[in-house]
Amino acid sequence: MRRSFFKDNEGIDTVPLKMVVYLVITGCILVLVSISWNAIVPVKHGYDVEKQLSEASLELLSLQRGKARDLYAPFSSEGSMCSIELDFPPEITYVGFGVDPDPDNDGNVKNSDWNAEKNTIIYRYDNGLKKRWIIEAEQINFCQGIRSDTGRWFPIDTFNSLDMGIVIEKPVSGSYVFELVRGNVTYTLSHFSA
């Protein structure tokens, strides 16, 4: 006996049930994909930050082998320079070169004394997690610079506090220039205002 496709209504009541089951399965798959994606994104951001810090370390190491500008000689030529490109995710609150600007880890870099940590790049996430990136080299002294009226960069404070480090607060994104200078010792001076 031949049945007509349009007149056959056996099992018609199972079609809505099958649709509901398929929609629930699809929803579960989408929820699992979303949970997995939320777990993968921080790992990817961490990998990106470490890759950028690795490249920055290499630039800073090569800078240390360059020529330093004499800060006491007003007409000395520029020292060796390097430019570091950083594009950290928005959940990173600061990055400190040669300094821990937030030893009490409360997220405020202005309410406590900074701890000098030579050869270290410290960065902190919004959730309070703080990580250190060690630059394997001889001692690197970081110093925050300020641009003078003549267009040259000098330490922001007196020569006695040159080893205070450099801090970049959120957002950590852009091109950052460093110059090798010499006072009593050799310093890596920033050419940007933090």
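Structure: see above.
Predicted model only: the values in this text are computed from it and were never measured. (Residues numbered from 1 in each chain as written. Predicted model: local features only at pLDDT ≥ 70, side-chain atom pairs only at ≥ 80, totals over all residues. Heavy atoms only, no water.)

A. Focus on the environment of Gly174. Tracing the backbone through its elements, the reader meets Gly174 in strand β10 (residues 173–182). Residue classification places Gly174 among the partly exposed residues on the basis of a relative accessible area of 25%. In this structure, the C-alpha to C-alpha distance between Gly174 and Leu86, residues 88 residues apart in sequence, is 5.5 Å. Contacts of Gly174, omitting those with residues within four sequence positions, involve Ile84, Glu85 and Leu86. (Helix = DSSP H or I, 4+ residues; strand = E, 2+ residues; numbered from the N terminus. Buried < 20%, exposed > 50% of the residue type's maximum accessible area, 1.4 Å probe, protein only. Contact = heavy atoms within 4.5 Å.)

B. Here's a closer look at the nonpolar core. Core analysis: the biggest nonpolar cluster contains 27 residues, and Leu60, Phe88, Val95, Phe97 and Phe178 have the highest contact counts within it. Counting residues per element, this core draws most heavily on helix α1 (residues 14–64), at six residues. Filtering out sequence-adjacent residues up to four positions away, Phe97 remains in contact with Leu60, Leu86, Thr120, Ile121, Phe142, Gly165, Ile166, Ile168 and Phe178. Judged by nonpolar contacts, the second largest core, of six residues, contains Cys143, Trp153, Val181 and Leu189. (Core = buried A, V, L, I, M, F, W, Y, C linked by side-chain atoms within 4.5 Å.)

C. Main features of the pattern of salt bridges. Counted according to the given criterion, the structure contains eight salt bridges. A salt bridge links Glu179 to Arg69; its shortest N-O distance comes to 2.8 Å. Note that Glu179 is positioned in strand β10 and Arg69 in strand β1 (residues 69–70), a separation of 110 residues in sequence. Accessibility assignment for this pair places Glu179 and Arg69 in one class, buried. Residue Lys130 is joined to Asp100 by a salt bridge in which the shortest nitrogen-to-oxygen separation is 3.1 Å. Here Lys130, found in strand β5 (residues 130–134), pairs with Asp100, found in strand β3 (residues 92–100); they are 30 residues apart in sequence, far enough to count as distant. We note that Lys130, like Asp100, is buried. Salt bridges sharing common partners tie together Asp100, Glu117, Lys130 and Arg132. (Salt bridge = Lys/Arg side-chain N within 4 Å of Asp/Glu carboxyl O.)

D. Local environment of the environment of Lys130. The exposure class assigned to Lys130 is buried, which follows from its relative accessible area of 18%. Counting along the chain gives 35 residues from Lys130 to Val95, while the straight-line C-alpha distance between them is 9.7 Å. Those residues in contact with Lys130 that sit more than four places away from it in its chain are Tyr94, Asp100, Asp102, Pro103, Asn105, Ile122, Tyr123 and Arg124. Separated by 2.6 Å, the side chain of Lys130 and the backbone oxygen of Asp102 make a polar contact. (Polar contact = N/O pair within 3.5 Å; in protein donor to acceptor, adjacent residues only side chain to side chain.)

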